[in-house]
Every structure is written in structure tokens, then in C-alpha cells.
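Structural features, examined
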Amino acid sequence: MGGQKQGEVEVIHSWSAPRSLSTSLMYSFAQRDDTEVLDEPLYATFLKVTGVERPYREEVLSKMESDANKVVKEVIFGPGEKKYRFCKHMAKQHLPGLPNDLMKKGKHFILIRNPLDILPSFEKVVPPSFLELGLAELVSIYSDLSQLGKPPVVIDAADLQQDPEGTLRGLCEDLEIPFDDAMLRWEAGPKPIDGVWAPWWYKSVHQSTGFNQTRKYPQPFPFSLYDLLEKSLPLYNMLRRHVRKTTALLKSPLPPPDIPVPANEKLLAWVGDEILPRESAKVSVFDSVVQGGDSVWEGLRVYNGKIFKLEEHLDRLFDSAKALAFKNVPTREEVKEAIFRTLIRNGMFDNAHIRLSLTRGKKVTSGMSPAFNLYGCTLIVLPEWKPPVYDNTHGINLVTATTRRNSPNNLDSKIHHNNLLNNILAKIEGNNADAGDAIMLDKDGYVSETNATNIFLVKKGRVLTPHADYCLPGITRATVMDLVVKEDLVLEERRISLSEFHTADEVWTTGTMGELTPVVKIDGREIGDGKVGPVTQRLQNAYKKLTEESGVPIPSYQH
Ligand SMILES: Cc1ncc(COP(=O)(O)O)c(C=O)c1O
């Protein structure tokens, strides 16, 4: 008996909502020679304490022990003949006031099932309610056990059906018990281990001989239970995040990706009118940004407790929204408040970037017409820790894309909209050429900007940049143009051809995200001597100074 005292049993607790394949799992464990099983030993206590009505209430109360102390001490943890005792529990039976030993002793795991599957089958026995489901208790059991320092294993009934062996092997491994092949099959029909409620609840499980589901597709969802589904799903999803991924169950073809800045794994974003954790920060499938990229946006940077050029970015945001005829736009003050609150909640006061989006909002039905937008705009404030995205010390390479920049004939670049496919196609060309970004030309072949930044060149001491007919009138572009003048350099805004860039003395790009980025090579031609030039460095320094000195302070931030 491997170090175990005679009669001492190792207890395995299974916690679940009803209709979650918990009885199948009990049958599965009952197949093991080394395990005895108990069907809901806390049922009588639950009926006695809650007064809940059941057709078999009196029978349960007369046949089962209902004193919680006795149940825990003598039934669940009482002596036994076998090495293991599997206790099937319903989460709602975990009532306040049960002896502490129940959670402290033994090994616990949680079996979850999608409420989409639970609810239709539940309805056949008793009217389902949030209380009867017990999903809130299941979450609190997870959190209690985690607090006790033993976060329980979580398995999903759908995985048991899809890959019974892989899931059971994973569960046994986590419970540190050997896997037994016998767990995969059992005889059909009622069993002596069944609780007295079996005739009401176990009709379908009595027909089963294993976990594999016979039906390939689910039944239509009974929409009378829609409200309950809405309440239950978030709790299921919360637990689902803790499901053990066995190798057999790793269905995703892709491994979990690395996040460029790991600190961004935990961040809070503003969506609509609330602040949400990263994984929950989502827009509706009815949102205009999903339906048509129908949204405007800004990228802002936070330096040392201040938001750089906040008012200028908001001016462009509201102008873009007006040009696109958005209705029910939030006020400037509301947008500012959302930005401040989100930054403060994240404790992001420096070295951060905000992706601010304002969509035309949710539609009442899918379709193109803004007439369907009756909910008002959706505001998204997505802040991230973001160190410089380009190599601003050594410079980057650019290539020229074949994709032309939108002309005002098609979609005016002065509107800072989310229809970014034009730029994304150019960026793909840049990626394919292993370049930092791609230069985009206008319809006549003159340089407009890169897929993500505005562009400048220096030739014989003069600073040139394309006029903003085909490019976004960038805020960094405007700031740098001011600095050029302040630095007593000659500035010219005009059409510039590609060969002028190829033969320039210096080239740099500008954008909020990347600031001033030196360009040392374009289409294989070295720019100047292939090193970062003196004018670029001078302006980089002037820009840095400006970001340190100016900006709108984040309220409540103290140095
Ligand atoms: C296509 C394009 N050009 C230029 C820029 C740079 O603009 P800004 O300096 O306002 O960040 C951006 C940034 O949003 C952009 O998307």
C-alpha cells in the first residue's frame, strides 16, 4: 500500500455544474480497480439546508447522511478499501459553512462544460436557473482552491468527448495517479453506485458506454434560455482559460505567440464606456469597424507624464470623423477623460503609445448604410508600453512599393481612417524585401510617404518634403517642419520624384510611433555616405527636447 496507512483513502473531488458529463466521468473512474466512487455525497445536506424541492427529496433525505460534519468526516474522508475515492460534487452543493477539511484535503479538479450545451439538456429535468447551474460557485471554488495554494486542474467536457484518452491521461497526470485504459469504456444501464435521483437525471448517461458523442452537430439552442446563457458564458469562459492543454488537445496549429513587450500581456483598454483587461477588450461584430473598416484613429505618445500634441491629434480625429459624417460623436472632454482614465488605470506615464480609435459605432443590422448606426460611436483607447519601433540610431532601409497611395480622387488621405489596406499592401512589399517600410508613390509617380510615416530629404542644405496631397498630414511632419524653420534651415514643400530621394544627402521619416527615423538606404542605393546625417541628428535632438518640454499633463500624475 505504498506508504499509505491501512484504510486511508486518497480523495479526488470533482466539481462541476449539472449536465457536464460528471456522471460519465464518475463511471469512468469506477472502472478502475483502485478507485471507489461516491455520487454527490453532499446532496442531502444541500436539500436540507436550502429547502430546494425535488421529486426525490424525501428519499434522498431518508437514505443519505445530511449532517455536513458527518458527511465530510465519515463519508467523504472515512476509511475505505481502495486506494482512491472519487467524489462527484455539484458546485452548488458547496454551501457556506461546510467543514474546512472539504477543500483543504484531497485532490480537486473542475469539470466545465459550455452553457450552450448544458442548458438545453438541463431544461429536460428542472427549470434551469442561475442558482441551479452553480457556475458562480464553480468560479468561487476555483478561486478558494487557488487561495489555498492548490489551483485545481480544469478540464472541459467537450475535450472529454473529442479526445477521451488524451483528456483522461492529462487529468490523471495532473492528479498524479496512473492512467488506466479501463476508464475509457463502461457497461450501459443503471449502476449500483448511482444516486437515488438517477431515474430523473441519468436516462441518457445510462445509454452511454464511453465519452464519445454520437451526435455530430448540436441541437438548436432554446432561445427562452438566452438571458441565462448570457449570464453564464462569461463564467464558463473565465474557467476555460485555465483548461490544461495536453499535447493531444493542442488543436491550434500555432504555438502561443510572443508579445513584443511582455509587460503588455496585462493591460487595460477602454472600449465603448468601460475599461477592460486585454482579453476582454473587444468590439461587437455589429461594429462599423468590423463591417467596413468604418472608423478613424490616432496614434499618440506619452512622455514623462504628458501626452505629446494631444490637442493636435484630437483636432485631426474630430476633423476625420466630421469628414466621414459620423453622428453622435463623443465630446472632446469625454475623449480626453477616457484617455486620462485609461492611462492612469494602467500606470502608464512614460514610454507608452495610445492607439485611439473612434468607430462609427454598432449597427442595428449588418449593412453598409450609416443609417443603421443608431447606438452612437464606439471609442477605443488602447495603451501599450512601446519603446521606439525603428532603429533611430543606425537608420533603416526602404524600398519603393508598386502599390500607389490613395489619391483624393478615391479616398482622401487627409481623413485618418482605418481603411488601411492601401498601406498594408505596401507594407507587405516592404516586408518581402526585408525593408523597414515601403515608400509609396502618388498616381503620377511622385513620392507621397511611406506606408506608415511621412518622409523628408536633405539636398545641399535644403530640407524637402512632399506636399500633403497624397499623404497623411502627419502631426510629427508638421512639428518637424516647424523645427526645420526654427533651426534656420531652408524648407521646401513640393512634388519630389523618387530619383531625388535616391540621390539625397540625407533622408528621414516622421511619425508619432517612431519619431524621426534616419533612412540609410532606398531601393539598394546608399543615402549620402550611408550614415545618419548631421541635419537628421540635429532635428532628432530638437524633437527630443520638445517631447521633454511640452505636452498635456496627465491629471493626478506626480513625479
Ligand atoms: C500613412 C501614415 N503616414 C504618416 C503617419 C504619421 O503621422 P503622425 O506624425 O501624425 O503620427 C501615419 C501615422 O498614423 C500614417 O498612418
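For the structure given in this document, a descriptive report is provided here. (Residues numbered from 1 in each chain as written. Predicted model: local features only at pLDDT ≥ 70, side-chain atom pairs only at ≥ 80, totals over all residues.)

**Quick look at the overall build of the protein chain**
The helix and strand tally for the protein chain stands at 20 helices and 21 strands. Taking 2.2 N^0.38 as the reference for a compact globule, 559 residues should give roughly 24 Å; the C-alpha atoms of the protein chain span a radius of gyration of 32 Å, well beyond that estimate. Seen along its three principal axes, the alpha-carbon backbone of the protein chain occupies a region of about 100 × 55 × 50 Å. Each of the 559 residues in the protein chain was classed as buried or not, and the buried ones make up 39%. Within the protein chain, contacts between residues separated by at least 24 positions form 74% of all contacts whose residues are at least 6 apart in sequence. (Helix = DSSP H or I, 4+ residues; strand = E, 2+ residues; numbered from the N terminus. Rg over C-alpha atoms; globule rule 2.2 N^0.38 Å. Buried ≥ 20, exposed ≤ 12 C-beta atoms within 10 Å, placed from the backbone. Contact = placed C-beta atoms within 7 Å.)

**Section: the packing of helix 6 (residues 115–122) against helix 13 (residues 226–240)**
Running from amino to carboxyl end, helix 6 crosses helix 13 at an angle of 135°, the nearest separation of the two axes being 9 Å. It follows from the interaxial angle that helix 6 and helix 13 lie oblique. In this structure, helix 6 crosses over helix 13, and the sense of that crossing is right-handed. Facing Pro115, Leu116 and Leu119 of helix 6, the residues of helix 13 in contact are Leu228, Leu229, Ser232, Leu233 and Tyr236. For the contact of helix 6 with helix 13, the per-class residue count stands at seven nonpolar, one polar and no charged. (Axes fitted to C-alpha atoms, helices over the stretch in contact; angles between N-to-C directions. Parallel < 35°, antiparallel > 145°, perpendicular 65-115°, else oblique. Left-handed = near helix turned anticlockwise from the far one by under 90°. Nonpolar A, V, L, I, M, F, W, Y, C, P; charged D, E, K, R; others polar.)

**Details of the sheet that holds strand 4 (residues 107–112)**
Pairing in this open sheet of five strands is parallel, and the strands run 2-3-1-4-5 from one edge to the other. The sheet terminates laterally at strand 2 (35–39) and strand 5 (153–156), the two strands that pair on one side only. Geometrically, the sheet is characterised by an average inter-axis angle of 25° between neighbouring strands, direction not taken into account. As defined by bridge partners, strand 2 adjoins strand 3 (residues 84–90) across five bridges and the pair is classed as parallel. Across the sheet, residue Leu38 finds its bridge partner in strand 3, namely Cys87. Taken strand by strand, helix 8 (residues 135–147) contacts strand 1 (10–16) and strand 4, and its axis lies near 150° from that of strand 4. (Pairing = 2+ DSSP bridges.)

**Points about helix 18 (residues 475–486)**
At 3.6 residues per turn, the α-helix brings residues three or four places apart onto the same side. Taking 1.5 Å per residue as the helical rise, helix 18 with its 12 residues ought to reach 16 Å, and the 17 Å between its terminal C-alpha atoms agrees with that figure. Every buried residue of helix 18 is listed here: Ile475, Thr476, Arg477, Thr479, Val480, Leu483 and Val484. Asp488 sits one or two residues past helix 18 and shows a positive phi near 60°. (Expected span 1.5 Å × (residues − 1).)

**Looking at helix 10 (residues 164–175)**
Here helix 10 is 12 residues long and its end C-alpha atoms lie 16 Å apart, about the 16 Å a rise of 1.5 Å per residue gives. Those residues of helix 10 lying buried are Thr167, Leu168, Gly170 and Leu171. All buried residues of helix 10 fall inside an arc of 160° around its axis, so they share one side. Residues of helix 10 that are buried in the fold lie against helix 1 (22–30), strand 4, strand 5 and helix 9 (157–162). Once helix 10 finishes, Glu176 follows within two positions and takes phi at roughly 55°, a positive value. (Arc of directions from axis to C-beta.)

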